[in-house]
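This is what each chain is made of:
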Amino acid sequence: MKKIILVFAFSLLLINCKTATKKEKIIGLIAEKAMVVSAREEASKIGSAILQKGGNAYDAMIATHLALAVAYPVAGNIAGGGFMVYRNADGTKGTLDFREKAPLAAHKDMYLDSLGNVIEGRSTFGANAVGVPGSIAGIFEVYQKFGTLPFKDLIQPAIDLARNGITITKNQSEGLSDAKKAFQAVNNYETIFEKDWKKGDVFKQEELAQTLERIRDFGKDGFYKGETANFLVNYITELGGIITHEDLEKYRAVWRNPITFAYKNHTITTMPLPSSGGICLAQILKSIEPYDVSKYEHNSTKYVQLITEAERRSYADRAHYLGDVDFVKVPVDSLIDLNYINKRMRNFSWDKATPSSEVSQGNILGYESDQTTHYSIVDQFGNAVSVTTTLNTGYGSKVVVKGAGFILNNEMDDFSSKPGVPNVYGLVGTKANAIAAEKRMLSSMTPTIVEKDGKLKMVVGTPGGSTIITSVLQNILNVIEYDMGMQESVDKARFHHQWLPDIIRMEPNGFDKITKTKLESLGYYIYEKNSLIIGKVDAILVLPNGKLEGGADKRGDDAAAGF
């Protein structure tokens, strides 16, 4: 009898162990009709509320963008820029470029001293780092083309949020603390961002609320002309910068044709230049399409190796060829031609790494920092928008416009200050991305929409500098090749290779030792550290039953909202 009891107890223990080790599938927020996923819960809820009022994805885009400028000032903005990819319910698609531009007085040597050396910090901090803002022009382009609700209804939630205050999160408290000295160094008065903000504090922005009210009352002119423009130009001039009223009045957002291509029975629609994202995404996916990717275990040695080699070749091309197409002739069709891509992959071998020095010669171009932000929206009518926006580095130039309460970008550092000289991220540039008056700086932002059989399947994007492209790529593969849900996909550990430096960046604790050891034996260099985050993906997946699943990245304070 005792023997039977022991056997039974042992069997029960085995069952319990098996149950404990079995992982439940992670599922994100499910919505029946519509959804917004962004970097802050407040912004997602505001966007979702606009949809519930009967607004469309474009109304929600405007409300979400403005709310992020209040609730997520590290990257959300009214004085930065970005890109939007859209798909309407009838299948029509397009993109909007509201990327910042160099001021009229800008020139290729503006950050060099009398000896031709780069002046440290001049392109990253303070008034001279600022590009002409595009965000407000962008939202009014969207509103004029697609908006349905009264504009005052779209901006009022952000005004109320600024006036009543947001609750500081742990991440925000730490970020503001890290940036405090920089705010103090570049401004000639004490800004609200310099206080010792703690988690749980209520952060009110009255001057920003008043700026938003001027935009509410006077439209685009409420930013690019009048009192707000005076605040901006006067303070920039006071600090020794070069942006003028003419710069602001001349700025225009541009509608562009998207990069559209097929990958294994799916249609990918993404951003064209001056975003490098669309071209690079097309190159990488076309490079790996001949391989049976789903047969390789996810994040295994073979999987990492194949994608790394495709990324290596694409980023090398990025360095040589890409820039603002309004200024530089770029062979876009040739770069995404299948014959060209197949030729590029001919020297790939499973037996060893292809050193970047053997792939190509050249210099990597500038790119955004990790402090960009992305939001994805699907409305109840079947329209979808994917938007990535940025100030460049966290809190941009750290210049807070006196009297107006908003932060200015430092996008000028995304240009090449001097060929061969690294920017703030340790990367160097070429002539294709040299500074010129009214030129748009090259970007890595990759807002993307995926379709299958002519129907919407996924809306995806992320911040993360040069890792934006590869983070979007991996989430597309997670869904298409590995049939993951959206939150499951977003949560997966990510890796990145960008040609130079010749390393594979890996998020810590996400890759097993066997995989890393095998990769190193093949000649790959692994870079892994505790603080490393690769992207903060915010995405929406259309499920087979027509419902929506949100993927809000746990790496930040990101949240989904819907109904």
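Residues numbered from 1 in each chain as written. Predicted model: local features only at pLDDT ≥ 70, side-chain atom pairs only at ≥ 80, totals over all residues. Heavy atoms only, no water.

As a reminder of what qualifies: UniProt positions are given in the numbering used here, feature names are shortened, and annotations may be inferred rather than shown by experiment.
The protein has the name Glutathione hydrolase proenzyme in an unreviewed UniProt entry, where Polaribacter filamentus is given as its organism. Listed under Pathway (unreviewed entry) in UniProt, the entry text for the protein is "Sulfur metabolism; glutathione metabolism."

### Things to note about the overall build of the protein
In plain terms, the rule: For helices the rule is a DSSP run of H or I covering at least 4 residues; for strands it is a run of E covering at least 2, with both sets numbered from the N terminus onward. Atoms counted for the radius of gyration: C-alpha only. Globule rule: 2.2 Å times the number of residues to the power 0.38. Contacts between residues were defined by any pair of non-hydrogen atoms, one from each residue, lying within 4.5 Å. Reported accessibility uses the Shrake-Rupley method at a 1.4 Å probe radius. Residues are deemed covered only where the shown protein chains occlude them.
A count of helices and strands for the protein gives 18 helices and 19 strands. Over its C-alpha atoms the protein spans a radius of gyration of 24 Å, differing by no more than 12% from the 24 Å that the globule rule assigns to 563 residues. Seen through its principal axes, the protein has C-alpha atoms that stretch 85 × 55 × 50 Å. Considering only contacts within the protein whose residues lie at least 6 apart along the sequence, 74% involve residues at least 24 apart. When the accessible area of the protein is evaluated, it comes to approximately 21,900 Å², of which 52% is carbon and sulfur surface.

### Let's talk about the UniProt feature "active site" (unreviewed entry) in the protein
Heads up, the rule is: Here's how the labels work: a residue is buried when its accessible area is under 20% of the maximum for its type, exposed when over 50%, partly exposed in between, all with a 1.4 Å probe on protein chains only.
The positions UniProt marks with the feature "active site" (unreviewed entry) are Thr 372. Here Thr 372 is to be found in strand β10 (residues 372-378). Since its relative accessible area comes to 0%, Thr 372 is described here as buried. When near neighbours in sequence (up to four residues on either side) are disregarded, Thr 372 contacts Tyr 72, Ala 75, Thr 388, Thr 389, Thr 390, Asn 392, Met 445 and Pro 463.

### Digging into the sheet that holds strand β14 (residues 495-496)
Quick reminder of the rule: A pair of strands is considered paired only if DSSP assigns at least 2 bridges between the two. Structural elements are reduced to axes, namely lines fitted to C-alpha atoms, with helices fitted over the stretch in contact, and the angle between N-to-C directions of any two is expressed from 0 to 180 degrees.
Here three strands make up an open sheet; going across it, the order is β14-β15-β16 and the pairing mixed. Every other strand in the sheet has two partners, leaving β14 and β16 (526-528) as the edge strands with one partner each. Pairing between strand β15 (residues 504-506) and β16: three bridges, direction parallel. Note that in β16 the partner of Ile 504 across the bridge is Ile 526. Across the face of the sheet, helix α18 (residues 513-521) comes into contact with β15 and β16 while running at roughly 140° to β16.

### Some remarks on the packing of aromatic side chains
Any aromatic ring pair is given by two values, namely how distant the centres are and how the planes are angled relative to each other. Here is the rule we go by: Only the six-membered ring of Trp is used, alongside the rings of Phe and Tyr, when aromatic pairs are assigned; centres must lie within 6.5 Å, and planes under 30 degrees apart are stacked while those over 60 apart are edge-to-face, with the rest tilted.
Counted under the stated rule, the structure contains 23 aromatic pairs. Both rings, one in Tyr 58 and one in Tyr 86, keep their centres 6.0 Å apart while their planes meet at 75°; by these two values the pair is edge-to-face. Of the two residues, Tyr 58 sits in helix α3 (residues 57-71) while Tyr 86 sits in strand β3 (residues 81-87), which places them 28 residues apart along the sequence. For Tyr 86, a relative accessible area of 7% translates into the label buried. Ring centres of Phe 193 and Tyr 395 lie 6.3 Å apart, and the angle between their planes is 55°; this geometry places the pair in the tilted category.

### Observations regarding the packing of helix α2 (residues 41-52) against helix α5 (residues 151-164)
Heads up, the condition is: Should an angle fall under 35 degrees it is taken as roughly parallel, and over 145 as roughly antiparallel, whereas 65 to 115 is taken as roughly perpendicular and any remaining angle as oblique. Left-handed describes a crossing whose near helix is turned anticlockwise from the far helix by less than a right angle; the clockwise case is right-handed. Classification convention: Asp, Glu, Lys, Arg as charged; Ala, Val, Leu, Ile, Met, Phe, Trp, Tyr, Cys, Pro as nonpolar; all other residues, Gly among them, as polar.
Viewed as axis vectors pointing N to C, α2 and α5 meet at an angle of 150°, and their least axial separation amounts to 10 Å. One element, α2, and the other, α5, form an angle in the roughly antiparallel class. Remark: the crossing between α2 and α5 carries right-handed chirality. Each of Glu 42, Ile 46 and Ile 50 in α2 lies in contact with α5, whose residues at this interface are Asp 153, Leu 154, Pro 157 and Leu 161. Class assignment for the residues of the contact of α2 with α5 results in five nonpolar, no polar and two charged.

### Things to note about the pattern of salt bridges
We apply this condition: Any carboxyl oxygen of Asp or Glu within 4 Å of a side-chain nitrogen of Lys or Arg constitutes a salt bridge here.
The tally for this structure, following the rule as stated, stands at 34 salt bridges. Among the salt bridges present, the one from Glu 528 reaches Lys 516, with a minimum N-O distance of 3.0 Å. Linking Glu 528 in strand β16 with Lys 516 in helix α18, this pair joins segments that are twelve residues apart in sequence. Residue Lys 516 is classed as buried on the basis of its relative accessible area of 18%.

### Some points on the UniProt feature "binding site: L-glutamate" (unreviewed entry) in the protein
UniProt records the feature "binding site: L-glutamate" (unreviewed entry) for Arg 99, Thr 390, Leu 391, Asn 392, Asp 414, Ser 443, Ser 444 and Gly 465 in the present numbering. Positionally, Asn 392 belongs in the loop between β11 (384-390) and β12 (448-452). Inspection of the secondary structure assignment puts Gly 465 in the loop between β13 (455-460) and α16 (467-480). For Gly 465, a relative accessible area of 0% gives the class buried.

### Concerning the pairing of strand β19 (residues 559-562)
For a regular strand, the rule is simple: side chains alternate between the two faces of the sheet. Burial of the side chains of β19 is restricted to one face: Ala 559 and Ala 561 are buried, whereas none of Ala 560 and Gly 562 on the reverse face is. With four bridges connecting them, strand β2 (residues 35-38) and β19 associate as antiparallel partners. By the bridge assignment for β19, Val 36 is matched with Ala 561.

### Side note on the nonpolar core
The line we're drawing: We call a set of buried Ala, Val, Leu, Ile, Met, Phe, Trp, Tyr and Cys residues a nonpolar core when their side-chain atoms join them within 4.5 Å.
Residues Met 61, Ile 78, Met 84, Leu 212 and Phe 406 are the most contacted members of the largest nonpolar core, which totals 82 residues. In terms of residue count, α3 provides more of this core than any other element does, twelve residues in total. Ignoring any residue separated from it by four or fewer positions in sequence, one finds Met 61 in contact with Met 84, Ile 139, Val 142, Tyr 375, Ile 377, Val 385 and Val 387.

### Points about the environment of Arg 256
Quick note on the threshold: Here a polar contact is recorded for every N or O atom pair within 3.5 Å, except that within protein the pair must consist of a potential hydrogen donor and a potential acceptor, and residues adjacent in sequence are included only if both atoms are side-chain atoms.
Position of Arg 256 among the secondary structure elements: in strand β7 (residues 254-256). The spacing of Arg 256 and Met 271 is 15 residues in sequence and 8.5 Å in space, taken between C-alpha atoms. Polar side-chain contacts of Arg 256 include one of 2.9 Å to the side chain of Asp 97.

### What about the pairing of strand β9 (residues 266-270)?
Across the five residues of β9, four count as buried, placing the element largely inside the fold. As defined by bridge partners, strand β8 (residues 259-263) adjoins β9 across five bridges and the pair is classed as antiparallel. Bridge assignment links Ala 262 to a residue of β9, and that residue is Thr 267. Connecting β8 to the next strand, β9, in antiparallel fashion are two residues, including Lys 264 with a positive phi near 45°. Across five bridges, the pairing between β9 and β12 is antiparallel. Paired with Thr 270 across the bridge in β12 is Thr 448.

### What about the side chain of Thr 228?
Structurally, the position occupied by Thr 228 is in helix α9 (residues 226-238). A polar side-chain atom of Thr 228 sits 2.9 Å from the main-chain carbonyl oxygen of Gly 222. Dropping the residues within four chain positions of it, Thr 228 is found in contact with Thr 211, Arg 214, Gly 222, Phe 223 and Phe 406.

### Here's the deal with the side chain of Lys 439
Filter applied, for reference: A positive count includes Lys and Arg, and a negative count includes Asp and Glu. His and the chain ends are not counted in either.
Within the secondary structure layout, Lys 439 lies in the loop between β11 and β12. With no salt bridge to any partner, buried Lys 439 finds its closest opposite charge in Asp 324, at an N-O distance of 6.8 Å. At a separation of 2.9 Å, a polar atom in the side chain of Lys 439 contacts the main-chain carbonyl oxygen of Ala 434. The contacts of Lys 439, once residues within four sequence positions are left out, are Glu 100, Lys 101, Ala 102, Asp 324, Phe 327, Val 328, Phe 415, Lys 431, Ala 432, Asn 433 and Ala 434.

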